[in-house]
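Architecture and fold: a report
One letter stands for each residue in the lines below.
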Amino acid sequence: GEKTSASKNNGGGGTADEGMISPKKMRGRLLTTNGSISPFVTSLMEELRLERVKSGGAGNKMMMLLENSISGDDVNGSMLYIQDRGVSRWDTCAAEACLESFGGKLAKLTHFVETKGEKKDQNGEFYTYLASQKNLDFIPGSAYLTKYNCRESDIDLQSHEKALDVNQVKPYSNLCGLVALGREWDTNEAEERITEAIRKAAISNPPSFA
């Protein structure tokens, strides 16, 4: 049956279907960085036929998404925030709590990229926010080492190596990409459409997870 979590905190009662998106009527905008975007994100916009909206800051983009979701903007369409480049736990923890309180969610992109029967990520759908000396969401060979996620300062980042050991990355780096959705996407049909588009885009241009 349809998911109903969005109706729990919709701020104004109503039914579980109120404000939800039919896959046939899906349209809207994808929030992205102000700078360059990866080939994966470009392919995803084409798959979902989304307009690009440039904005700075991961937390700011999620608050824009939430405001749009709460307002029920039927003129410009719903907003999505999906990216394959990494941020940090402190960029997403508060924003994720705000999204969830209004029926939305923030999940790991790796969870959507996995094909049926495939279980690359044994750590679940959502990021872990426990205090730790090691990255609790690390997937060997998934993310590229960058100056933002690499624990060692003397490593040659020009070689574009993937992290094979958890000790290579910072404990609070979000290495699995992200998918932020408002409550209007909280139906099985809508999420299946997003998942299908993500997997198609990933075949053409695999996520960088950088």
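Along each chain, the written sequence defines residue order, and numbers are assigned to residues from 1. Since the coordinates come from a predicted model, pLDDT governs what is reported: local features require at least 70, and pairs of side-chain atoms require 80 or more to be given and counted, while whole-chain, interface and lining totals use all residues. In computing side-chain values, all of the structure's heavy atoms are included and hydrogens and water are not.

What to know about the overall build of the protein chain
Threshold: Working definition: helices are DSSP H or I runs of at least four residues, strands are E runs of at least two. Numbering for both runs from the N terminus. When a residue's accessible area, from a 1.4 Å probe over protein chains only, is under 20% of the maximum for its type it is buried; when over 50% it is exposed; and in between it is partly exposed. Any two residues whose heavy atoms approach within 4.5 Å at even a single point are treated as in contact. Accessible areas in this description were obtained via Shrake-Rupley with a 1.4 Å probe; residue shielding takes into account the shown protein chains only.
For the protein chain, the count of helices and strands is 5 helices and 7 strands. A buried classification covers 47% of the 210 residues belonging to the protein chain. Taking contacts inside the protein chain between residues at least 6 apart in sequence as the whole, the part at least 24 apart equals 68%. Only carbon and sulfur atoms are counted for the fraction: they give 50% of the accessible area of the protein chain, which is about 10800 Å².

Digging into the side chain of S78
Going by this rule: Think of a polar contact as two N or O atoms within 3.5 Å of one another; within protein, one of them needs to be a possible hydrogen donor and the other a possible acceptor, and neighboring residues in sequence only count if both atoms come from side chains.
Within the secondary structure layout, S78 lies in strand β3 (residues 78-83). A polar side-chain atom of S78 sits 2.4 Å from a polar atom in the side chain of E184.

Remarks on the pattern of salt bridges
Cut-off, in case you're wondering: Salt bridge, as used here: a side-chain nitrogen of Lys or Arg that lies within 4 Å of a carboxyl oxygen of Asp or Glu.
Here the structure, examined in full by the defined rule, presents 5 salt bridges. As a salt-bridge pair, R89 and D137 come within 2.7 Å of each other at their nearest N and O atoms. Of this pair, R89 sits in helix α3 (residues 89-101) while D137 sits in the loop between α4 (109-113) and β6 (173-174); the two residues are 48 residues apart in sequence, bridging distant segments of the chain. D137 shares its class with R89; the two are buried. A salt bridge links K108 to D137; the shortest N-O distance between them is 3.0 Å. Note that K108 is positioned in the loop between β5 (105-107) and α4 and D137 in the loop between α4 and β6, a separation of 29 residues in sequence. Like K108, the residue D137 is buried in the burial classification. Connected via shared salt-bridge partners are R89, K108 and D137.

Some points on the sheet that holds β5
Put simply, the rule is: DSSP-based pairing: two strands are paired if at least 2 bridges between them are found. To define axes, lines are fitted to C-alpha atoms, for helices over the stretch in contact only, and angles between the resulting N-to-C directions are given on a 0 to 180 degree scale.
Here we have 5 strands laid out as an open sheet, ordered β2-β1-β3-β7-β5, and mixed in their pairing. At either end of the open sheet lies a strand with only one pairing partner, and these are β2 (51-54) and β5. Neighbour to neighbour, the strand axes of the sheet diverge by 25 degrees on average, direction disregarded. The pairing of β3 with strand β7 (residues 178-181) spans 4 bridges and is classified as antiparallel. Its bridge partner being in β7, Q83 is matched across the sheet by L178.

Notes on the pairing of β7
Along β7, one buried face is formed by L178 and A180 and the opposite face, lined by V179 and L181, is buried too. Examined bridge by bridge, β5 and β7 share 3 bridges and lie antiparallel to one another. Of the residues in β7, the one forming a bridge with A107 is V179.

Observations concerning helix α2 (residues 58-71)
Applied cut-off: One fewer than the residue count of a helix, multiplied by 1.5 Å, yields its expected span. The arc under discussion is defined with respect to the helix axis, by the directions toward the C-beta atoms.
Spanning 14 residues, α2 covers 20 Å between terminal C-alpha atoms, matching the ideal 20 Å at 1.5 Å per step. Among the residues of α2, A58, K61, M62, L65, L66, N68 and S69 are the ones counted as buried. The buried residues of α2 occupy one face: seen down the axis, they fall within an arc of 165 degrees. Exposed residues on α2 whose side chains face more than 90 degrees from its buried face are E67 and S71. With its phi angle positive at about 65 degrees, G72 sits one or two positions after the end of α2.

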